[in-house]
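Reading the structure
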Amino acid sequence: MTELILALDLLDRKQAARVAESCAPFIDAVKVGYPLVLATGLSIVDDLSGLGLPLIADFKVADIPNTNRLISEAVFSAGFDAIIAHGFVGADAARACVEVAHNHGGAAYIVAEMSHPGATEFFHGGVAERLATLAVSCRADGIIAPATRPDRISRLREIVGEKTIYSPGVGAQGGDLDTVARLVDGVIVGRSIYEAEDPAAEAERLSRIRR
Ligand code: XMP
């Protein structure tokens, strides 16, 4: 079954906790990014840890190896279970995130190609393929690939094999859940759920139509 991952890009701590709690029965993980963490601090992890779901830190870490290591240590010490990092900074920097993740018993995912229109300016022409290859060589647990371009997911699957592919871009960005769910291990959905009149009902609906 393809996982359903809630992208919790809300700015209000109580609302975020409320939405996550109501959706919890229908989702497999919660992804937290800069919007929520910058609004609430890393202690938001304490509010979400009671859900009993994996918490993914989407900080798209992209610095030198030492700084990546420091960021990753802070992420896992705060209680996150996984981290998303960029690969374009090079294998040494990406590997720093992977090593810290694994030392903490967690996971690290490398962005191979992004879902927004502008991503084609830089990720196409072989770059995404190189990033997926880098993810494999760094022993990352998987990659992030765009739900908005299923053909690209299929191409990147050829490179990463059985590794996990998590895919944002369903719903608000135009990606079709039914199509993408057949290709990936997890779909990441934000606005379609948390902006719905009844987020829990929408999460339940999406959880039923994923494969
Ligand atoms: P929406 O509201 O569009 O939220 O459903 C999508 C979530 O996923 C993040 N996002 C990405 N993360 N690579 C990533 O690592 C991507 O290509 C990508 N596209 C979207 C976005 O920040 C939001 O949290």
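Residues numbered from 1 in each chain as written. Predicted model: local features only at pLDDT ≥ 70, side-chain atom pairs only at ≥ 80, totals over all residues. Heavy atoms only, no water.

Let us now look at the pairing of strand 3 (residues 55–61). Strand 3 sits mainly inside the fold: six of its seven residues count as buried. Examined bridge by bridge, strand 2 (residues 29–33) and strand 3 share four bridges and lie parallel to one another. When the bridges of strand 3 are listed, Val 30 appears paired with Leu 55. Handedness of the crossover is the feature at issue here: the chain leaves strand 3, passes through helix 4 (residues 65–78), returns alongside strand 4 (residues 82–86), and the resulting connection is right-handed. (Buried < 20%, exposed > 50% of the residue type's maximum accessible area, 1.4 Å probe, protein only. Helix = DSSP H or I, 4+ residues; strand = E, 2+ residues; numbered from the N terminus. Pairing = 2+ DSSP bridges. Right-handed = clockwise from strand over helix to strand, strands pointing away.)

Moving on to the layout of surface pockets. Rolled over the atoms, a probe with the dimensions of a water molecule shows which regions are left empty. Computed from the structure, the largest pocket encloses a volume of approximately 410 Å³. If you go around the largest pocket, you meet 27 residues; those closest to its centre are Ala 7, Asp 9, Lys 31, Pro 168 and Gln 173. If you list the elements that add at least two residues to the lining of the largest pocket, you get strand 2, helix 2 (34–40), strand 3, strand 8 (186–189) and helix 10 (191–194). The element best represented in the lining of the largest pocket is helix 10, accounting for three residues. Class assignment of the residues belonging to the lining of the largest pocket gives a composition of 15 nonpolar, six polar and six charged. (1 Å grid on protein atoms, 1.4 Å probe; cavity = no way out; pocket = protein on both sides within 12 Å on 5 of 7 lines; lining within 4 Å. Points joined across faces, edges and corners; volume = space filled by probe spheres on them. Nonpolar A, V, L, I, M, F, W, Y, C, P; charged D, E, K, R; others polar.)

What follows covers the sheet that holds strand 1 (residues 3–7). Where strands meet in a sheet, backbone hydrogen bonds hold them as pairs that are either parallel or antiparallel. Pairing is parallel in the closed barrel, where eight strands are placed in the order 1-2-3-4-5-6-7-8. On average, each strand axis in the sheet is inclined to that of its neighbour by 25°, with strand direction left out of account. Here strand 4 runs beside strand 5 (residues 107–111); their pairing, made up of five bridges, is parallel. Residue Ala 85 lies in a different strand from strand 5, and its bridge partner there is Ile 110. With respect to the sheet, helix 5 (residues 91–103) is in contact with strand 3, strand 4 and strand 5, its orientation differing from that of strand 5 by roughly 155°. (Axes fitted to C-alpha atoms, helices over the stretch in contact; angles between N-to-C directions. Contact = heavy atoms within 4.5 Å.)

What follows concerns the side chain of Glu 129. Within the fold, Glu 129 resides in helix 7 (residues 127–137). Since its relative accessible area comes to 15%, Glu 129 is described here as buried. In this view, Glu 129 contacts Arg 152, Arg 155, Leu 156 and Ile 159; residues no more than four positions away in its chain are not counted.

In this section: the UniProt feature "active site" (unreviewed entry) in the chain. As annotated in UniProt, the feature "active site" (unreviewed entry) corresponds to Asp 58, Lys 60 and Asp 63 in the numbering used here. Annotated residues from the preceding list that form part of the lining of the largest pocket: these are Asp 58 and Lys 60. Assignment of secondary structure puts Asp 58 in strand 3. When sequence neighbours within four positions are dropped, the list of residues in contact with Asp 58 reads Lys 31, Val 32, Gly 33, Tyr 34 and Ile 84. Within polar-contact distance, the side chain of Asp 58 engages the side chain of Lys 31 at 2.6 Å. Within the fold, Asp 63 resides in the loop between strand 3 and helix 4. Asp 63 gets classed as partly exposed once you look at its relative accessible area, which sits at 34%. (UniProt positions renumbered as here; feature names shortened; annotations may be inferred. Polar contact = N/O pair within 3.5 Å; in protein donor to acceptor, adjacent residues only side chain to side chain.)

Quick look at the UniProt feature "domain: Orotidine 5'-phosphate decarboxylase" (unreviewed entry) in the chain now. The sites that carry the UniProt feature "domain: Orotidine 5'-phosphate decarboxylase" (unreviewed entry) are, in the present numbering, residues 3–206. With 46% helix and 19% strand, residues 3–206 has its two end C-alpha atoms placed 10 Å apart.

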